Amino acid sequence: MCLTGVCEFRSFLTIMCENQTPFLQADHLIDKVGVARLCEITGRHAVRVRQWRRGKSVGGTDGLVPAECLAAIFLANAEPGSDLRLETADFLPRPRAELDASELLLSIQQRRRGVS
């Protein structure tokens, strides 16, 4: 195994451990709606919206969207003529255990590249 492969694997494990949150609600909504649109709907700064993806130990929300923000997103989705296309299941917290390995790897690669 080449040294580059070892370094890549170590950084993969580090990122995986740092970004491990128990729930995927925030990941799912951010991926589906986008940070900019969520900022517009909730009135929160982009940094705060991105923090939803992080663990509580580093200032995040463990992957959960705060209740007041979730209510704002739900109301924006319910408005007639809304461009949001969210289903009821999109608002439910999904445990990270439901992720398969390929989904987790894709999520980590996107975060590494700074894709929100």
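A short tour of the structure in this document, coming up. Source: prediction; values computed, not measured. (Residues numbered from 1 in each chain as written. Predicted model: local features only at pLDDT ≥ 70, side-chain atom pairs only at ≥ 80, totals over all residues. Heavy atoms only, no water.)

## Observations concerning the overall build of the chain
Quick reminder of the rule: The helix count covers DSSP runs of H or I at least four residues long, the strand count covers runs of E at least two residues long, and both are numbered beginning at the N terminus. Summary of the burial criterion: residues with accessible area below 20% of their type's maximum are buried, those above 50% are exposed, and those between are partly exposed, where the area comes from a 1.4 Å probe applied to protein chains only. Only heavy atoms enter the contact rule, under which two residues are in contact if any of them lie within 4.5 Å. With residues, only the protein chains shown are counted as cover, and all accessible areas are computed by Shrake-Rupley using a 1.4 Å probe.
Within the chain one finds six helices and zero strands. Along the chain, from the amino end to the carboxyl end, the secondary structure elements read α-α-α-α-α-α. Split into buried and exposed, the 116 residues of the chain put 36% on the buried side. Contacts in the chain between residues at least 24 apart in sequence constitute 62% of all its contacts with a sequence separation of at least 6. Accessible surface, the chain as shown: approximately 7,200 Å² in total, 59% of it carbon and sulfur.

## Some words on helix H5 (residues 67–78)
Note the following rule: Helices are assigned an expected span. That span is 1.5 Å times one less than the residue count. Think of it as the arc spanned by the lines of direction from the helix axis to the C-beta atoms.
Over its twelve residues, H5 runs 16 Å from end to end, which matches the ideal 16 Å to within 8%, given 1.5 Å per residue. Taken together, the buried positions of H5 are Cys69, Ile73, Ala76 and Asn77. Relative to the axis of H5, the buried residues are bounded by an arc of 100 degrees and lie together on one face. Structural note: H5 exposes Ala67, Leu75 and Ala78 on the side pointing more than 90 degrees away from its buried face.

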